[in-house]
Amino acid sequence: MADQTSNVDMAKAQKMAEHVFGMLGGALASAMIYLGDRMGLYRALQSGEPLTSDELARKMGLHERWIREWLQGQAAAGLVDYAGDGRFALSPEGTCVLADENSPLFLAGGFCAIPAQMAILERLPESFRSGLGLPYDAFGPEGARGVERLLAPWYRTQLVPVALPKLDGVVSKLNTGAKVADIGCGGGIAAIEMAKAFPRSSFHGYDISKYALERAEANKARAAVSNLTFHDASSQPIPGDSSFDFISTFDCLHDMAHPERVIEAIRKALKPDGTWIIADIHGQPSFEQNLTDNPLAPLMYGFSVLCCMSSAMSEPDGLGLGTLGFPEPVARRMVTEAGFTRFKSHDFDNPINAYYEVRP
Ligand SMILES: C[S@@+](CC[C@H](N)C(=O)[O-])C[C@H]1O[C@@H](n2cnc3c(N)ncnc32)[C@H](O)[C@@H]1O
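These numbers were taken from a predicted model, which means no experiment stands behind them.

How each quantity is defined
- Residues numbered from 1 in each chain as written.
- Predicted model: local features only at pLDDT ≥ 70, side-chain atom pairs only at ≥ 80, totals over all residues.
- Heavy atoms only, no water.
- Helix = DSSP H or I, 4+ residues; strand = E, 2+ residues; numbered from the N terminus.
- Expected span 1.5 Å × (residues − 1).
- Buried < 20%, exposed > 50% of the residue type's maximum accessible area, 1.4 Å probe, protein only.
- Contact = heavy atoms within 4.5 Å.
- Pairing = 2+ DSSP bridges.
- Axes fitted to C-alpha atoms, helices over the stretch in contact; angles between N-to-C directions.
- Patch = residues over 30% accessible without salt bridge, like charges linked within 9 Å, V, L, I, M, F, W, Y side chains within 5 Å.
- Areas by Shrake-Rupley, 256 points an atom, 1.4 Å probe, with all protein chains shown as cover.
- Salt bridge = Lys/Arg side-chain N within 4 Å of Asp/Glu carboxyl O.
- Near = heavy atom within 4 Å.
- Polar contact = N/O pair within 3.5 Å; in protein donor to acceptor, adjacent residues only side chain to side chain.
- Core = buried A, V, L, I, M, F, W, Y, C linked by side-chain atoms within 4.5 Å.

**So, helix 11 (residues 210–223)**
Alright, step 1. Across its 14 residues, helix 11 extends 20 Å between first and last C-alpha, which sits within 8% of the 20 Å expected from 1.5 Å per residue.
Alright, step 2. For helix 11, the set of buried residues is Tyr-211, Ala-212, Leu-213, Ala-216, Asn-219 and Lys-220.
Alright, step 3. The secondary structure elements touched by the buried residues of helix 11 are helix 8 (140–163), helix 10 (189–197), strand 5 (202–207) and strand 6 (228–232).
Alright, step 4. Downstream of helix 11 by one or two residues, Ala-224 has phi in the positive range, about 55 degrees.

See below:
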């Protein structure tokens, strides 16, 4: 083998090593966030009152030495504030992001899927060889719970009060009594929020994940809504009878093996004056633009290989769009090919998602 070290700029190599080591730090900080969320440590800290490791351990019935190490790591990672004298506190901002499940900025919930997502790494070399990816259910029930908890804060806080009123004529139809479908509904939180807000309308959630549908049924029972039905789209696809006033697809088209078939089915299911809202990842139109203008690109490509592109390749002829594979030009092209004629972009102040209002 040729000696490659002679070409190496050691200062640049040192920087690269720091960069890679930082990524290992991020991975381990993620694991610690998983523990903090799972054991309720962030919630226990959320009063803002600085606690010692001994006080937190006693409050939680846990072992002080472990709590101390976790707290010191959290402070080192800039997640928990160190108040001096061995006391640690979660700031109001930290509470929004790490403890308060009802905050629009709550992120810790998504970390509950990390063990299931990382376990899938064992199976991915085979996918790299065969080309065939894994569906969402490969992550088991925790995968479905992680997606739900990651995306639910927006549905709980923004969908009904902020987003729906910006769509032309949709809220008045929902108030009067409309037929609605949420396709790729996951754990059903978006459909439940809409069903609660618009009791005169009837709602239908469609998904192909048995774990997501189990969660959707349990969430529906907890919410006690009666104007909502969930369907397994593999056996009960949306009917193509032009009967739906409003259809939503939230963060799912890029995950589908055949989004073009689902888009065609939506065109057939929607009334001539109906509306379809798409939420999908706010990617740049090209890889080159994602490389230079998308700070979230490393995260998105990682999610894609682990989850989104894998799901989109989980059938032998899957389109394989992946997390960044449905930017606005692709969305416009695909919906136009399916016969939609109106397309409007919305900015609902979400750094992750773009929103499109699409009509026949
Ligand atoms: C990222 S999750 C989003 C779930 C939900 N919309 C939410 O925001 O919580 C993508 C969902 O698309 C579903 N999905 C994938 N292919 C589908 C298909 N052909 N029809 C219906 N759902 C599908 C997956 O099972 C998964 O639940």
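Anyway, onward from the coordinates.
**Side note on the sheet that holds strand 4 (residues 179–183)**
Alright, step 1. Strand order in the open sheet formed by seven strands is 6-5-4-7-8-10-9, and the pairing between neighbours is mixed. Since the sheet does not close on itself, it has two edges, and those belong to strand 6 and strand 9 (342–346), each with one partner. The sheet shows a mean angle of 20 degrees between the axes of neighbouring strands, direction not considered.
Alright, step 2. Pairing of strand 8 (residues 270–281) with strand 10 (residues 353–359), which is carried by six bridges, proceeds in the antiparallel orientation. Bridging from a neighbouring strand, Ile-278 pairs with Tyr-356 of strand 10.

**Comments concerning a nonpolar patch on the surface**
Alright, step 1. A grouping of Phe-21, Leu-24 and Leu-28 is seen on the molecular surface, where their side chains present a nonpolar patch of about 340 Å² in accessible area.
Alright, step 2. Summarising the element assignment, Leu-28 is placed in helix 1 (residues 10–38).

**Digging into the site of the ligand**
Alright, step 1. The immediate surroundings of the ligand are formed by 15 residues, with Tyr-136, Tyr-155, Gly-184, Asp-207 and Phe-250 found nearest.
Alright, step 2. At a separation of 2.3 Å, an oxygen atom of the ligand approaches a polar side-chain atom of Tyr-155.
Alright, step 3. The separation between a nitrogen atom of the ligand and a polar main-chain atom of Gly-184 is 2.6 Å.
Alright, step 4. Calculation on the ligand without its partners gives an accessible area of 600 Å², and the protein chains cover 89% of this total.
Alright, step 5. Among the elements that make up the shell around the ligand, the one with the highest residue count is helix 8 (three residues).

**Quick look at the pattern of salt bridges**
Alright, step 1. Counted by the stated rule, this structure contains 18 salt bridges.
Alright, step 2. Notably, a salt bridge pairs Arg-43 with Asp-37, separated by 3.6 Å at the nearest N-O pair.
Alright, step 3. We note a salt bridge from Arg-129 to Glu-126, for which the minimum N-O separation is 3.2 Å. Placement of the pair is Arg-129 and Glu-126 together in helix 7 (residues 124–130), with a separation of three residues, close to one helical turn.
Alright, step 4. On the accessibility criterion, Arg-129 (65% relative accessible area) is exposed.
Alright, step 5. Through salt bridges that share partners, Asp-37, Arg-43, Glu-101 and Arg-149 make up one connected network.

**Topic: the side chain of Asn-294**
Alright, step 1. Relative to the assigned elements, Asn-294 resides in the loop between helix 13 (287–293) and helix 14 (297–312).
Alright, step 2. Side chain to side chain, Asn-294 and Asn-290 meet in a polar contact 2.9 Å long.
Alright, step 3. Beyond its immediate sequence surroundings of up to four residues, Asn-294 is in contact with His-282, Gly-283, Gln-284, Gln-289 and Leu-324.

**Remarks on the nonpolar core**
Alright, step 1. Residues Leu-159, Leu-174, Phe-246 and Phe-250 are the most contacted members of the largest nonpolar core, which totals 31 residues.
Alright, step 2. With six residues, helix 10 is the largest single contributor of residues to this core.
Alright, step 3. Those residues in contact with Leu-174 that lie beyond four places of it in its chain are Leu-164, Val-180, Phe-198, Ser-201, Phe-203 and Phe-246.
Alright, step 4. Grouped together as the second largest cluster of nonpolar side chains are 25 residues, Met-256, Ile-263, Trp-276 and Phe-340 included.

**Digging into unusual backbone geometry**
Alright, step 1. Even without being a glycine, Ser-242 presents a positive backbone phi close to 45 degrees.
Alright, step 2. Position of Ser-242 among the secondary structure elements: in the loop between strand 6 and strand 7 (244–250).
Alright, step 3. A relative accessible area of 38% means that Ser-242 is categorised as partly exposed.
Alright, step 4. Despite not being glycine, Asp-349 shows a phi value in the positive range, around 60 degrees.

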